[in-house]
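Examination of the molecular architecture
Chain residues, written in single-letter form:
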Amino acid sequence: METFFLTTPLYYVNARPHLGHAYSTIVADTMTRFQRQLGREAAFLTGTDEHGQKIQRAAEAAGISPQQFADQVSAQFRQEWDRLGLDYSFYIRTTEPRHTAAVTEIFARLQKNGYIYKGSYSGPYCVSCELFIGEGQPGNPCPTCGKPTELVTEENYYFKLSAFSDRLLELYRAQPDFIRPESRRNEVLGFVEAGLKDVSITRTSIHWGIPVPGDEKHVLYVWFDALIGYLSGIGYGSPAAADQQRWQKLWPAWHLVGKEIVRFHCVYWPAFLMAAELPLPRGIIAHGWLLFDEQKMSKSVGNVLRPEPIRQVLGADALRYFLLREISFGQDGNFSTTALVTRYNADLANGWGNLASRTLAMIAKYRDGAVPEGESDAAMRELAGQARRTLIAEFEGWQFSRGLEAVWQLIAGMDRYLAEQRPWTLDNDAGRAQLDRVLRTAYLALRCSAVLLAPVLPESARALWAQLGLPAGPEQNIEHLHWDDVAPGQRIGVTAALFPRLEKEKTLEELKRLEVMEEQLPAPAAKPAADVHIAIDDFAKVDLRVGEVLTAERIKGADKLLKLTVDIGSEVRQIVAGIALAYEPETLPGRKVIIVANLAPRKLRGVESNGMIVAASVGDAGAPVLVSVPSDTPNGARLR
Ligand code: ME8
């Protein structure tokens, strides 16, 4: 049987995951579960992209090695996916030896096939996008992200991308749904039709990458390296027979990507594969961006929200449901916690959850927990059939919101049916048969909804299934789902509220509070290992001094940062400190602090920082608490 194999982008490890990353991974998880419920074998791969200049710089700023940095952040991605219950089948890190083996093999194939030559590149490069810009002046804004480009002048290995224009255009023509949606396809067509230039696939000015086999002063360009992760993650490049079989069984993949990386996936990647004589992907599905305050949610803009507070307060299922229901797949969508809580209450607590609790309570009360037998309502049965058909068609076309809407039509239809039938008036001899019919119908509708919603709301669907007293789980085949397939003598299970109603203002406050704590989590840094000792000379290298805060002000657009001036005896330093969420600027002047005086200067949000304020990191969230000395300690005194 053919396997449905899907990949998410391999996320950069320059920073922890945010909701944008969670969105892609949730979509992949949902699609994979849905495919399984169509009776297909399905798997998805995710992972982290760990090489390149961006990561190298982030690690330098943290004062640790790129590998240590990548280890920490990659673990945070994995931890987040595990907490959210995202059931990835494969996880690849591009710093794993198995990945290097695959990359080396593909590079060798390209070389053997004559698609690689040496040349030199001099021109703008965008570090944020890890992209050679090819035209314009260094310093100009990157056409993709708008950040200033940098001049790169290097001897490089080039890939003959220009040789593939015709074959790529032929591919897009022969397979019109290779790139979805249509708008992205047109963008790519335009780009390729304008003519492709060869691309540099190595760097010499950075070292954090996979060395070019046989010419080790070059490292491979991060995008060349990363795309191959889709293959190395399932066994390509490994000599073991089991690995070979696995990748050959799973490949080719569907690639799910954000719209900003469509060109890499639709142009470069198929061309690399053609050059390596490997099968091309089945297709590329591009989704839009999650916006926050009308801008792309991104680390570099600094407007990110984390999945964790939402999971803690509303649960992973509510987050999944909201993202898939609220955002029209393929388009950009604004994320708002107010809309999240409103939808939770309306659709989950008052909608699905309430239908479940009312129905189960009535079966308990009127029929002592036994599901009545006999006929169910034909109109409701038809509505359920329609929900099922619509959900299948829409989910197959990645239109999750419309598929979910159909299930909520069934839920609303059931609410209306109960309001019309007024089962609470039927608990008498004359009403007995009708009450049986109403309760059975509501029970069957719930059973059907649990199966249909299991790909999107897996935890709640399982909980409801148990409350319905049904065996196994709701992950049943959706195509073969029978409305009336309930064993005689069926009894309901133990009931509880699926989605307790939330008080809006309090919930929003709680989300905000947890969000603030999240942002105070310590950034990756070298962890002092208990069993590694340093010499006194090592400690003496750190110039720790007493200082006094003279002024403190907020930095526009950076919630966490304060700009301080600090008197350290010999001079007054400007220092940027990440303590704004814990300290009001007005409370700081006059306060004694400890600073690291000999850190290399760096810029945070464009503001120069000459040193670092020392703070204790408290609690799970690592909230900063300033370290101090008695107020009469002279400024500039050294700590030894
Ligand atoms: O591009 N809205 O990694 P990346 C929706 N390493 N999705 C978002 C998003 C947002 N605001 N922000 C991020 C890279 N994403 C490369 C990929 S693949 C071989 C290499 C999601 O960490 C979305 O899927 O910048 C986007 O394409 C991806 O994260 C970018 O992650």
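Residues numbered from 1 in each chain as written. Predicted model: local features only at pLDDT ≥ 70, side-chain atom pairs only at ≥ 80, totals over all residues. Heavy atoms only, no water.

1. Here's the deal with the sheet that holds strand β15 (residues 295-296)
The condition is simple: Two strands make a pair as long as DSSP finds a minimum of two bridges between them. Secondary structure is summarised from DSSP: a helix means a run of H or I of at least four residues, a strand means a run of E of at least two, and numbering begins at the N terminus for each.
Strand order across the open sheet formed by 3 strands is β15-β14-β16, with mixed pairing between neighbours. Looking at strand neighbours, the two that pair on one side only are β15 and β16 (333-334), the edges of this open sheet.

2. Some words on the packing of aromatic side chains
Counted only if it meets this: Any two rings among Phe, Tyr and Trp, with Trp reduced to its six-membered ring, count as a pair given centres within 6.5 Å; such a pair is stacked if its planes are under 30 degrees apart, edge-to-face if over 60, and tilted if neither. To sort residues, take the accessible area from a 1.4 Å probe on protein chains only and compare it with the maximum for the residue type: under 20% means buried, over 50% means exposed, and anything in between is partly exposed.
Overall, the coordinates contain 33 aromatic pairs when judged by the stated rule. Geometrically, the ring pair formed by F264 and Y268 is edge-to-face, given 5.4 Å between the ring centres and 75 degrees between the ring planes. Linking F264 with Y268, this pair stays in helix α10 (residues 262-275), spanning 4 residues, or about one helical turn. Overall, the relative accessible area of 10% leaves Y268 in the buried class. Their ring planes at 35 degrees and their centres at 6.0 Å tell us that W352 and F499 sit as a pair that is tilted.

3. Quick look at helix α11 (residues 307-314)
To keep it simple, the criterion reads: Note on definitions: a residue-residue contact is assigned when non-hydrogen atoms from the two residues lie within 4.5 Å.
Looking only at α11, the buried set comprises P307, E308, P309, I310 and L314. Where α11 is buried, its residues touch α1 (19-36), α3 (66-83), α12 (316-326), α13 (337-367) and α18 (504-519). Of the residues one or two after α11, G315 is the one with positive phi, at around 95 degrees.

4. Observations regarding the site of the ligand
The test is simple: When at least one non-hydrogen atom of a residue lies within 4 Å of a molecule or strand, that residue is treated as near it. Any pair of nitrogen or oxygen atoms within 3.5 Å is treated as a polar contact; in protein, a donor-acceptor pairing is required on top of that, and neighbouring residues in sequence qualify only through side-chain atoms on both sides. Calculation of accessible area relied on Shrake-Rupley with a 1.4 Å probe; when residues are assessed, cover is drawn exclusively from the protein chains displayed.
Around the ligand sit 23 residues, and of these L10, S24, D49, E260 and L290 come closest. S24 places a side-chain nitrogen or oxygen 2.5 Å from an oxygen atom of the ligand. With the chains in place, 95% of the 670 Å² that the ligand exposes on its own is no longer accessible. Only β1 (3-12), α1 and α7 (222-227) provide two or more residues apiece to the shell around the ligand. In terms of residues, the shell around the ligand owes the most to one element, β1, which gives 4 residues.

5. Notes on the side chain of Q467
Tracing the sequence through the fold places Q467 in helix α17 (residues 458-467). Aside from chain neighbours lying at most four places away, what touches Q467 is L360, I492, G493, V494, T495, A496 and L498.

6. Thoughts on the domain arrangement of the protein
By convention, interface size is frequently given as the accessible area that disappears when the constituent parts associate. The condition that has to hold: A domain assignment, automatic or from a database, supplies the domain bounds used here.
Along its sequence, the protein is organised into domain 1 (337-501) and domain 2 (536-626). One C-alpha centre belongs to domain 1, the other to domain 2, and the line joining them spans 56 Å.

7. As for the pattern of salt bridges
Opposite charge on two side chains lets them pair, provided their charged atoms get close. Note the threshold: We count a salt bridge whenever a side-chain nitrogen from Lys or Arg sits within 4 Å of a carboxyl oxygen from Asp or Glu.
Applying the stated criterion to the full structure yields 37 salt bridges. The salt bridge involving K259 is made with D332; its shortest N-O contact spans 3.0 Å. Taken together, the residues K259 in the loop between β12 (254-258) and α10 and D332 in the loop between α12 and β16 connect sequence positions 73 residues apart. When its relative accessible area of 17% is taken as the criterion, K259 is described as buried. Take D332: its relative accessible area is 34%, and that puts it in the partly exposed class. As a salt-bridge pair, R554 and E584 come within 2.8 Å of each other at their nearest N and O atoms. Taken together, the positions of R554 in strand β17 (residues 544-555) and E584 in the loop between β19 (572-577) and β20 (592-596) put the pair 30 residues apart, joining distant regions of the chain. Overall, E584 belongs to the partly exposed group, its relative accessible area being 42%.

8. A word on empty space enclosed by the protein
For the record, the criterion: The distinction between a cavity and a pocket rests on a 1 Å grid over the protein atoms alone: a 1.4 Å probe fits inside a cavity but cannot get out, while a pocket stays open yet meets protein on both sides within 12 Å along at least five of seven lines, and a residue with an atom within 4 Å of a point counts as lining. Grid points are joined across faces, edges and corners, and a volume is the space filled by probe spheres set on the points. Residues are grouped as follows: nonpolar covers Ala, Val, Leu, Ile, Met, Phe, Trp, Tyr, Cys and Pro; charged covers Asp, Glu, Lys and Arg; every other residue, Gly included, is treated as polar.
By the definition in use, this model includes 1 cavity of 30 Å³ or more. Here the largest cavity is characterised by a volume of approximately 30 Å³. Forming the walls of the largest cavity are G52, Q53, Y125, E130, R203, I206, W208, L220, Y221 and V222. The residue inventory of the lining of the largest cavity, partitioned by class, reads 6 nonpolar, 2 polar and 2 charged.

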